[in-house]
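Each chain, letter by letter, is given below.
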Amino acid sequence: MVEKGSEWVVMATGRSPTNIAVIKYWGKRDENLILPINDSISLTLDPLHLSATTTAAVSPSFTRDRMWLNGKEISLSGERYQKCLREIRRRANEVSDAEKGIVIKKEDWERLHVHISSYNNFPTAAGLASSAAGFACLVFTLAKLMNLKDDLGQISSIARQGSGSACRSLYGGFVKWAMGNNTDGSDSLAIQLAEETHWTDLVIIIAVVSSKQKETSSTSGMRESVQTSALIKHRAETVVPARTLKMEEAITNRDFASFAKLTCADSNQFHAVCLDTSPPIFYMNDTSHRIINLVEKWNISEGTPQVAYTFDAGPNAVLVSPNRKTAALLLQRLLFHFPPNKDINLTSFVVGDKTILQDAGVTSMKDIETLEPPPEIKDKVPYQKFMGDVSYFICTRVGSGPKVLTDETLALLDPITGLPK
Ligand code: ADE
């Protein structure tokens, strides 16, 4: 390494997507290593709409490891951060920057400190798996900075120790987290089932549901389920192994009807496990249940699934439709039942891929007010509207995995000081 006292900063910036599980991860067999009791499968969401961006920097002038999240300094002392940092440092390799005349030797990484700054392009508090994108990005970016030679599967196994579902965010497209068998967790990692280009017609609409209630954290919720639910055992041992195979087949064949049935069934069983937990855990609320009803009624009236729903450990609905045309019809239904509060504008009520909104024929707030009731409920008056119960909608799609951002203007740390810009 260049002599002590010299002033230099070496940085790397990465961007990682979030993901939504269609076969749910719920329950650990090892709390410390974050090893699950069943396989899970997810869709990676387009990083343009939902992602974390992280810059990691190293400099001999740094006196301790520091991290900033969305511009605010946070503590890195938590066990999950420490595990990721320890694991990456252990696998770090020599880095040389000929231009700057810097060589960082493999053994230097143990004593050099890092600065990390991360930013989520969506509200961290909205319950949209920010920790999955966040830990995937942290591990991916540090792995680039420290020149890890490990493959993405091994990197995903490190991210898993930060936040279980983060391991699935190391790949784009359709991803399985194989639970693995080894007690050391070395085979509990993400595997890409198909790239994002495999099934490009899918459209995803997320309804961010207003919630005043403090939810049970996933960590404690799944611990309580493992300790008290009989259903979770049946789910992990019998239901999920068969369902995972069927889901892989549905994805391979782009079989939307099968994909939708399996996705809805798995979300419902996950929430049934939560109800089977003592004391019971309620993640969905009345709005979530109304969205399920709306979808089920529509699917039944068409005789074949038009849309799949899935809910994580919170009230937000993630809805998957087979194509843009169906997505526009879905958005019309959602806007009909859940119009915005009077003070909200359309631009902030429907975000992401706004072309779906155009396809739905909605270009102004007035268009929402004049939407006709959907045919499947038209004759069943009175129908109800729930103004303000959905905070906003995000229209998105299946997207790509983590990427290194080489454009220095996108870095979140100053290249001279190594502090947030
Ligand atoms: N938790 C939520 N968002 C995060 C991020 N971007 N990085 C690390 N941890 C997070």
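What you see is a predicted model; the values in this text were computed from it and never measured.

1. So, the packing of helix 7 (residues 286–302) against helix 8 (residues 324–337)
When two helices pack together, their arrangement is given by the angle between their axes and by how far apart the axes lie.
Next, step 1: Between helix 7 and helix 8, whose axes approach to 11 Å, the crossing angle comes to 135 degrees. Accordingly, the angle class assigned to the pair helix 7 and helix 8 is oblique. Helix-helix and strand crossings are classified by hand; for helix 7 and helix 8 the assignment is right-handed. Residues I291, L294 and W298 of helix 7 form the contact with helix 8, whose participating residues are T326, L329, L330, R333, L334 and H337.
Next, step 2: Tallied by class, residues from the contact of helix 7 with helix 8 come to six nonpolar, two polar and one charged.

2. Regarding the pairing of strand 7 (residues 66–69)
Next, step 1: Bridge count between strand 7 and strand 11 (residues 113–120): four bridges; the pairing is parallel. Bridging from a neighbouring strand, L69 pairs with S118 of strand 11.
Next, step 2: As paired strands, strand 7 and strand 8 (residues 72–74) are joined by three bridges and run antiparallel to one another. Pairing of L69 across the sheet is with K72, part of strand 8.
Next, step 3: Two successive antiparallel strands, strand 7 and strand 8, enclose a turn made up of two residues, where N70 displays a positive phi of approximately 50 degrees.

3. Here we look at the pattern of salt bridges
When the charged atoms of two side chains lie near each other, side chains of opposite charge can form a pair.
Next, step 1: A complete count under the given rule lists 20 salt bridges for this structure.
Next, step 2: With a shortest N-O distance of 2.4 Å, R397 and D46 are connected by a salt bridge. With R397 in the loop between strand 18 (390–396) and strand 19 (403–404) and D46 in the loop between strand 5 (40–44) and strand 6 (51–59), the pair connects residues that are 351 residues apart, well separated along the chain.
Next, step 3: The shortest N-O distance in the salt bridge between R66 and E73 comes to 2.8 Å.
Next, step 4: Through salt bridges with shared partners, a single network forms among D46, R324, D353, D359 and R397.

4. Topic: the state of the cysteines
Next, step 1: Going through the model one piece at a time under the given rule, you end up with zero disulfides.
Next, step 2: Cysteine C274 shares no disulfide, and the gap to the nearest cysteine sulfur, in C264, comes to 17 Å.
Next, step 3: Using a relative accessible area of 0% as the deciding quantity, one classes C274 as buried.
Next, step 4: Between C395, a free cysteine, and C264, which holds the nearest cysteine sulfur, the sulfur-to-sulfur gap is 18 Å.
Next, step 5: The exposure class of C395 is buried, given its relative accessible area of 0%.

5. Focus: the domain arrangement of the protein
Many authors give the size of an interface as the accessible area that is lost as the parts come together.
Next, step 1: Here the domain parsing of the protein yields domain 1 (10–195 + 404–410) and domain 2 (203–396).
Next, step 2: Between the C-alpha centres of domain 1 and domain 2 the distance comes to 28 Å.
Next, step 3: Contacts between the two partners involve 28 residues from domain 1, matched on the other side by 41 residues from domain 2.
Next, step 4: For D312, the salt bridge goes to K24, with nearest N and O atoms at 2.7 Å.
Next, step 5: Examining the composition of the side of domain 1 that touches domain 2, we find that four residues originate from one element, strand 2 (residues 19–23), more than from any other.
Next, step 6: Tallied by class, residues from the side of domain 1 that touches domain 2 come to 17 nonpolar, four polar and seven charged.

6. Some words on the UniProt feature "domain: Diphosphomevalonate decarboxylase-like N-terminal" (unreviewed entry) in the protein
Next, step 1: Per the UniProt entry, the sites bearing "domain: Diphosphomevalonate decarboxylase-like N-terminal" (unreviewed entry) are residues 17–190 in this numbering.
Next, step 2: Strand forms 30% of residues 17–190 and helix 21%; the C-alpha atoms that close the span are 14 Å apart.

7. So, the sheet that holds strand 5
Next, step 1: Taken together, four strands build an open sheet; the order of strands is 2-5-12-13 and the sheet is antiparallel. With one partner strand each, in any of the chains shown, strand 2 and strand 13 (189–194) form the two edges of the open sheet. Strand-to-strand twist of the sheet, defined as the mean angle between neighbouring strand axes without regard to direction, takes the value 35 degrees.
Next, step 2: As paired elements, strand 5 and strand 12 (residues 174–178) share four bridges and run antiparallel to each other. In the sheet register, I41 faces strand 12, and the bridge partner there is K176.
Next, step 3: Where helix 3 (residues 152–160) meets the sheet, it contacts strand 12 and strand 13, and its direction lies at approximately 125 degrees from that of strand 13.

8. So, the layout of surface pockets
Next, step 1: Reported here for the largest pocket is a volume of approximately 1100 Å³.
Next, step 2: Surrounding the largest pocket, 45 residues form its lining, G127, A129, S218, D312 and A313 being those nearest its centre.
Next, step 3: Elements that contribute at least two residues to the lining of the largest pocket include exactly strand 2, helix 2 (130–145), strand 14 (203–209) and helix 4 (218–228).
Next, step 4: When the residues that make up the lining of the largest pocket are grouped by side-chain class, the tally is 21 nonpolar, 17 polar and seven charged.
Next, step 5: Residue assignment places the lining of the largest pocket across two domains, with domain 1 (10–195 + 404–410) and domain 2 (203–396) each supplying three or more.
Next, step 6: Space inside the second largest pocket adds up to approximately 470 Å³.
Next, step 7: What lines the second largest pocket is a set of 21 residues, among which V10, M11, A12, K100 and E408 lie closest to the centre.
Next, step 8: Mapped by element, the contributors of at least two residues to the lining of the second largest pocket are strand 1 (10–17), strand 9 (95–97) and helix 2.
Next, step 9: Here the lining of the second largest pocket takes four residues from strand 1, the largest share from any one element.
Next, step 10: Classifying every residue of the lining of the second largest pocket gives 11 nonpolar, three polar and seven charged.

Thresholds applied
Along each chain, residue indices are assigned from 1 in the same order as the chain's sequence is written. Side-chain atom pairs in this predicted model are given and counted only at pLDDT of 80 or more, local residue features only at pLDDT of at least 70, and totals for whole chains, interfaces and linings cover all residues. Side-chain measures here rest on the full set of heavy atoms in the structure, leaving out hydrogens and waters. Only the contacting stretch of a helix is used when fitting its axis, a line to C-alpha atoms as for every element, and angles between N-to-C directions run 0 to 180 degrees. Numbered from the N terminus, helices here are DSSP runs of H or I no shorter than four residues, and strands are runs of E no shorter than two. Under this scheme an angle from 65 to 115 degrees is roughly perpendicular, one under 35 degrees roughly parallel, and one over 145 degrees roughly antiparallel; angles in between are oblique. Should the near helix be turned anticlockwise from the far one by less than a right angle, the crossing is termed left-handed; should it be turned clockwise, right-handed. For this analysis, residues touch if any pair of their heavy atoms sits within 4.5 Å. Basically, the charged four are Asp, Glu, Lys and Arg, the nonpolar ten are Ala, Val, Leu, Ile, Met, Phe, Trp, Tyr, Cys and Pro, and anything else, Gly included, counts as polar. In this analysis, strands are considered paired if DSSP registers two or more bridges between them. Each reported salt bridge corresponds to a side-chain nitrogen of Lys or Arg within 4 Å of a carboxyl oxygen of Asp or Glu. What counts as a disulfide here is a pair of cysteine sulfur atoms lying within 2.5 Å. Throughout, exposure labels follow a simple rule: accessible area from a 1.4 Å probe, protein chains only, divided by the maximum for the residue type, with under 20% read as buried, over 50% as exposed, and the rest as partly exposed. Domain delimitation follows an automatic or database domain assignment. UniProt positions are given in the numbering used here, feature names are shortened, and annotations may be inferred rather than shown by experiment. Only protein atoms enter the 1 Å grid used here, on which a cavity is any set of points holding a 1.4 Å probe that cannot leave and a pocket is any open set flanked by protein within 12 Å on both sides along at least five of seven lines; residues with an atom within 4 Å of a point are listed as lining. Grid points are joined across faces, edges and corners, and a volume is the space filled by probe spheres set on the points.

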